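Analysis of the macromolecular model
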Amino acid sequence: MTNSIQEIDGTACFFNIGTNTTAAHPIIGHRIRRAVNKGAKLIVANPKEIDLVRQADIFIQHQPGSDVVLLMGIARVIVDEGLADDEFIAERTENFEAFKESLEEFTPEYVTEITGVPWSQIQAAARLYATHKPSALYYAMGITQHTHGTDNVMATANLAMLTGNVGKPSTGVNPLRGQNNVQGACDLGGLPNVYPGYQQVTNPDIQKKFEAAWGVPLSPENGLTHVEIFNEMAEGNIKAMYLVGENPLLTEANANHVREALEKIEFFVVQDLFMSETAEFADVILPASSYAEKDGSFTNTERRVQRVRQAIPPVGDSKPDWWIVAQLGQRMSDHGFDFNSPQEIMEEINRVTPIYGGITYERLEDTAGLQWPCPTTDHPGTRFLHKDKFSRGKGHFSPLSYRAPFEQPDDEYPLLLTTDRSLFHWHSGSMTHREEGLGVLNGEELLLINPQDAERFGVVDGEMVGVESRRGDLVVRVKVTEICLPGVVSMTFHFPDAPTNVLTNSALDPVAKIPETKVAAVRIGKLVEFA
């Protein structure tokens, strides 16, 4: 997030797109609701009529995969009606004229045709977002998990710069992280193209810096993303894998392909809290400790680093993740990995990661956390980013064009499947399924389908049906509901007895290499038709 959670209280207009905020991020969702109840405006754009729509001033129910067209259409209204922040654009940005010219493609007729949204509604959203300042834009995986996900993100940045809603309190472009420490994992090198602190692997000076710090030669080449890893495993080019805290048989797009890859790999190690569907394939399982059984830190979605303190001893033979990795490192190398505590690891982070330079255990001890960038021990942390200038200097407007999703409905697969999360389950459900009460609240996967489509395909509420894509099939119970558009069906992905991701699409965004999990062509039918 460019801005902070506490700044929600000062936001005058929220634009939530591609995020089921109250289900996937309930604390933030609650604060947005509270702000709206006190008078803030709310625009919700989502292919589903999510719960937050009840508080929305404007609800835009656009077709899955049409986000770029929607956002560029809104931008066109802002430019055409003179609602842009000309002073901010002139002082803080570049390439505006090229961007402005690219908006000519997005005529009212074209935007309505692609999105399915009336132009009058797009006009209303543009006026509300541009005139009720400070405005803040929030998004999640409904924006990123597309073959044009990078374009989607750039379109949100365009909109924020166009209205001057960035680099100021209670504004910004705020991606909501899907798990509690995803931000921290990315910050500290859990990506294939950067070292800790987003320092580029391909930069020779950065390479030399980390070679000196770690005392080993390092590759100047970027690594592979998770989808690419499984592709290489399936081809026999990767022989071994060490998997920590993931259950890709439930969470990875095109999960049957993941299964094929796991069946081919020669040596597979899984480090996790519980036995999972993926761990069944492992040659070695390393039992890890939960957050309550270890010390350390988490970095949350607002870039806030917070201490985690051990509350109970590790259960059974489980060990903290850092200890397991350090012990493996010591056994595989003649030097390094000689850490005795998470604090010692943080001290190395302080030395090699400028944005974490001033975030020490001593400072975290008596605070609610510090937000990076925090380069020195006398720095207070950074509540919001881009205050005086962008990290690249000037903000760059990106001209964009519409690229359709990889799969479109056709006669063979006439429905579009999109995925979502449940308030009551967490990611693969390997933890939350162990709680009986959560099972009472949400105990099985459901296929949400519009009444028109239910009638069209001859299915009724509560019926078990078959669902099939070009990659796999499953059996699931139907829930007939008007929260989905005609032609669109929706499922979560938390349940192993109906593993949604056997259906989803692993076609990649060419830049971020993220799979298009949010759009897949499917068909449904009576179980006898799938026998």
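Each residue is numbered by its place in its chain's sequence as written, counting from 1. Local features in this predicted model are restricted to residues whose pLDDT is 70 or higher, and side-chain atom pairs enter the listing and the counts only when it is 80 or higher, whereas totals over whole chains, interfaces and linings include all residues. Here the side-chain values reflect all heavy atoms present in the structure, with hydrogen atoms and water set aside.

1. Points about the pattern of salt bridges
Salt bridges, as used here, are contacts in which a Lys or Arg side-chain nitrogen is within 4 Å of a carboxyl oxygen on Asp or Glu. The tally for this structure, following the rule as stated, stands at 25 salt bridges. Of the charged contacts, one joins Arg 31 and Asp 9 as a salt bridge, the two residues approaching to 2.9 Å between their closest N and O atoms. Residue Arg 31 is found in helix 2 (residues 26–37), and its partner Asp 9 is found in the segment before strand 1 (13–17); the two are separated by 22 residues along the sequence. Classification of residues uses two cut-offs on accessible area relative to the type maximum, computed with a 1.4 Å probe and protein chains only: under 20% is buried, over 50% is exposed, and between them is partly exposed. By relative accessible area, Asp 9 is classed as partly exposed at 44%. A single salt-bridge network, built from bridges that share partners, covers Glu 407, Asp 410, Arg 470 and Arg 471. Runs of H or I in DSSP of at least four residues are treated as helices and runs of E of at least two as strands, each being numbered from the N terminus.

2. Some points on the packing of aromatic side chains
Stacked, tilted and edge-to-face are the three classes assigned to paired rings of Phe, Tyr and Trp, where Trp is represented by its six-membered ring and a pair needs centres within 6.5 Å; plane angles under 30 degrees give stacked, over 60 edge-to-face, the rest tilted. For the coordinates displayed, the defined rule picks out 11 aromatic pairs. A centroid spacing of 6.3 Å and a plane angle of 45° characterise the contact between Phe 96 and Phe 99, whose relative ring orientation is tilted. With Phe 96 and Phe 99 both in helix 5 (residues 96–102), this residue pair falls 3 residues apart, about one helical turn. When its relative accessible area of 14% is taken as the criterion, Phe 96 is described as buried. Residue Phe 99 is classed as buried on the basis of its relative accessible area of 0%. Between Phe 99 and Phe 397, the aromatic rings sit 4.9 Å apart at their centres with planes inclined by 25°, giving stacked as the arrangement. Highlighted residues: Phe 99 in helix 5 and Phe 397 in the loop between strand 15 (395–396) and strand 16 (415–419), separated in sequence by 298 residues.

3. Digging into the sheet that holds strand 9 (residues 240–244)
In spatial order, the strands read 9-10-11; together these 3 strands make up an open sheet with parallel pairing. Two strands close off the open sheet at either side, each with one partner strand: strand 9 and strand 11 (284–287). Shown here is a sheet whose adjacent strand axes are inclined to one another by a mean of 10°, direction ignored. In short, DSSP must find at least two bridges between two strands for them to pair. By the bridge criterion, 4 bridges tie strand 10 (residues 267–272) to strand 11 in an arrangement that is parallel. The residue bridging Gln 271 from the neighbouring strand is Leu 286, located in strand 11. Orientation is described by lines fitted to C-alpha atoms, with helices fitted over the stretch in contact, and by angles between N-to-C directions that extend from 0 to 180 degrees.

Geometric descriptors of this kind do not, in isolation, establish any biological role.
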